[in-house]
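# Coordinates in review
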Amino acid sequence: MTGKPRHIGVAERRARLGLRQRLARSARAAGPEEVADSLVALHGTDPATVYLAVGARLADAGGTVARVERALYEDRSLVRMHGMRHTVFVFPTDLAAVVHASTALDIAAKARAALVKDLVAGSGGRLTGPWLDEVEASALAALARHGEATVSELSVDEPRLKEQFAYAAGKSYEGVHTVSSRLMRVLGVEGRVVRGRPLGSWTSTQFRWAVAPPHPPVAPAEARSELLDRWLRACGPATEADLKWWTGWKVTDVRRALAASGAVAVSLDDGVTGYVAAGDEEAVDGPDAPWAALLPGLDPTPMSRPERDWFLEPSLRPALFDRSGNVGPTVWWDGRVVGGWAQRPDGEIVWRLLETGGVGREALAAITAEAERLRGWVGETRVTPRFRTPLERELSAE
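A brief structural summary. Everything numeric in this text was worked out from a predicted model, so none of it was measured. (Residues numbered from 1 in each chain as written. Predicted model: local features only at pLDDT ≥ 70, side-chain atom pairs only at ≥ 80, totals over all residues. Heavy atoms only, no water.)

Across its full length, the protein chain holds 14 helices and 13 strands. Radius of gyration (C-alpha) of the protein chain: 22 Å, near the 21 Å computed for a compact globule of 398 residues. If you line up the protein chain on its principal axes, its C-alpha atoms span 65 × 55 × 45 Å. Here the protein chain, with 398 residues, has 54% of them falling under the buried criterion. Of the contacts made within the protein chain by residues no fewer than 6 positions apart, 63% connect residues no fewer than 24 positions apart. For the protein chain, the computed accessible surface area is about 17100 Å², with 51% contributed by carbon and sulfur atoms. Where the 50 positive side-chain charges of the protein chain centre and where its 51 negative ones centre are 3 Å apart. (Helix = DSSP H or I, 4+ residues; strand = E, 2+ residues; numbered from the N terminus. Rg over C-alpha atoms; globule rule 2.2 N^0.38 Å. Buried < 20%, exposed > 50% of the residue type's maximum accessible area, 1.4 Å probe, protein only. Contact = heavy atoms within 4.5 Å. Areas by Shrake-Rupley, 256 points an atom, 1.4 Å probe, with all protein chains shown as cover. Lys, Arg positive; Asp, Glu negative; His and termini not counted. Charge placed at Lys NZ, Arg CZ, Asp CG, Glu CD.)

Turning our attention to the sheet that holds strand β1 (residues 42-43). Across the sheet, which stays open at both edges, the three strands sit in the order β1-β3-β2 with antiparallel pairing between neighbours. Among the strands making up the open sheet, the edge pair consists of β1 and β2 (78-82). Alignment of β2 against strand β3 (residues 88-92), held across five bridges, turns out to be antiparallel. Bridge pairing links L78 to P92 in β3. (Pairing = 2+ DSSP bridges.)

With that settled, the discussion passes to the packing of helix α3 (residues 47-55) against helix α13 (residues 361-378). Between α3 and α13, the shortest axis-to-axis distance is 11 Å and the interhelical angle comes to 130°. Comparing the axis directions of α3 and α13 gives the class oblique. Crossing of α3 over α13 shows right-handed handedness. Between α3 and α13, the residues in contact are Y51, L52 and G55 and R373, L374, W377 and V378, respectively. Partitioned by chemical class, the residues of the contact of α3 with α13 number five nonpolar, one polar and one charged. (Axes fitted to C-alpha atoms, helices over the stretch in contact; angles between N-to-C directions. Parallel < 35°, antiparallel > 145°, perpendicular 65-115°, else oblique. Left-handed = near helix turned anticlockwise from the far one by under 90°. Nonpolar A, V, L, I, M, F, W, Y, C, P; charged D, E, K, R; others polar.)

Oppositely charged side chains may form a pair once their charged atoms are brought near each other. Applying the stated rule across the entire model yields 32 salt bridges. One salt bridge in this structure joins D242 and R305, with 3.8 Å as the shortest N-O distance. You can see D242 sitting in helix α10 (residues 240-247) and its partner R305 sitting in the loop between β10 (292-295) and α12 (317-320), a full 63 residues away along the chain. A relative accessible area of 1% means that D242 is categorised as buried. A single network of salt bridges, built from pairs that share partners, joins R6, E12, R16, R20 and D280. (Salt bridge = Lys/Arg side-chain N within 4 Å of Asp/Glu carboxyl O.)

The next point concerns the packing of aromatic side chains. Enumeration over the complete set of coordinates arrives at eight aromatic pairs. Residues W291 and W332 carry aromatic rings whose centres are separated by 6.4 Å and whose planes lie at 20° to one another, so their mutual orientation is stacked. Remark: W332 occurs in strand β11 (residues 330-333) and W291 occurs in the loop between β9 (273-276) and β10; sequence separation between them is 41 residues. Note on accessibility: W291 and W332 belong to one class, buried. (Phe/Tyr/Trp six-rings, centres within 6.5 Å; stacked < 30°, edge-to-face > 60°.)

The next thing to look at is the sheet that holds strand β12 (residues 336-343). One open sheet accounts for four strands, arranged β10-β11-β12-β13; its pairing is antiparallel. The outermost strands of the open sheet, each flanked by one partner alone, are β10 and β13 (349-353). Looking at each pair of strands side by side, their axes are set apart by 30° on average, direction ignored. The sheet contact formed by β12 and β13 spans five bridges and is antiparallel. In the strand pairing of β13, W341 is matched with W351. Here α13 sits on the sheet in contact with β10, β11, β12 and β13, set at roughly 155° to β13.

With that settled, the discussion passes to the nonpolar core. Ranked by internal contacts, the top residues of the largest apolar core, which has 37 residues, are L42, Y51, L52, W202, L294, L374 and W377. When contributions to this core are tallied by element, the ones reaching two or more residues are α2 (32-39), α3, α4 (64-73), β10, β11, β12 and α13. With residues up to four places along the chain from it excluded, the contact list for W377 reads Y51, L52, G55, A61, T64, V65 and W202. (Core = buried A, V, L, I, M, F, W, Y, C linked by side-chain atoms within 4.5 Å.)

The following block contains the structure:
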């Protein structure tokens, strides 16, 4: 594109969000794989987020849990793995090698070096790098024999996994680490093990582990270009700051990937420069009707970027985010956050508007319907966000 960059205003950005994030009723997906492909990554730090984020975007939310579990643990069309910013996500399986090469390799090298350093220092030299290599090989062999196993089960085969070492002695966050917890995390980032089925329900944070199939080799620069292009098609336009934050890459890597992918600069409000994927410069019409959504804590739509003013009034953030910047459950109306929701101990889904401008009877009816829809498929399960926020705590206690 030549000449002056095309301007994409807030209205079009919200239209793109509603359609491409599968939130508008007319854009809802047929299955979990379609949702994950549209969003690129489902935030997996809180296991419940994956299911709630998928259910909010399905045309038919019935059987959401069974369908997501089948995709994760039977069809293996989705995979839970470490990705950007050392965080656990659920990705389409065909994207796993790209994420690993573009992001995880650098994180893995730093994580292993830090583990060996902490291990030696925290054990007074009793535990060493070669010792860790022996334990690792033994644990992986045991995991291969089991197929899937918990850390406790692996520790029966390899008792050295239970060894402990001091961490950050003399600092406010000092503590004691167990070899198993740190080692399995490093192996996960390295792409050598993967989380399997949870212990308990779909909200459980306790997982079994399995040996991961090897990733096909992809050149890191090529992988960064492909990942950024996929993300821009799902979430663009985005600023350079958005992309740096989401990927966790150096700004130089972001700029190289933008150039390699052929991303096109556009103008956003307040004279800010944004980027869209090559061939995605044309205007996008909005959904055929306004839409409502109840999205879970850590949902990828509000968590996809640090610059959120175009869909979230800054005055609402204290109620909807925790002190670390994690978003809680949010209520949306036609492309912007207008409130939050929670589940009470009796299972009722309750919500509150924080922004009322432009929220009339149609919106109230649509939000009420979404709350009933959510209650319908969640059933008897009680969901408490892993990172609780002021409004969620208040609503759940009422």
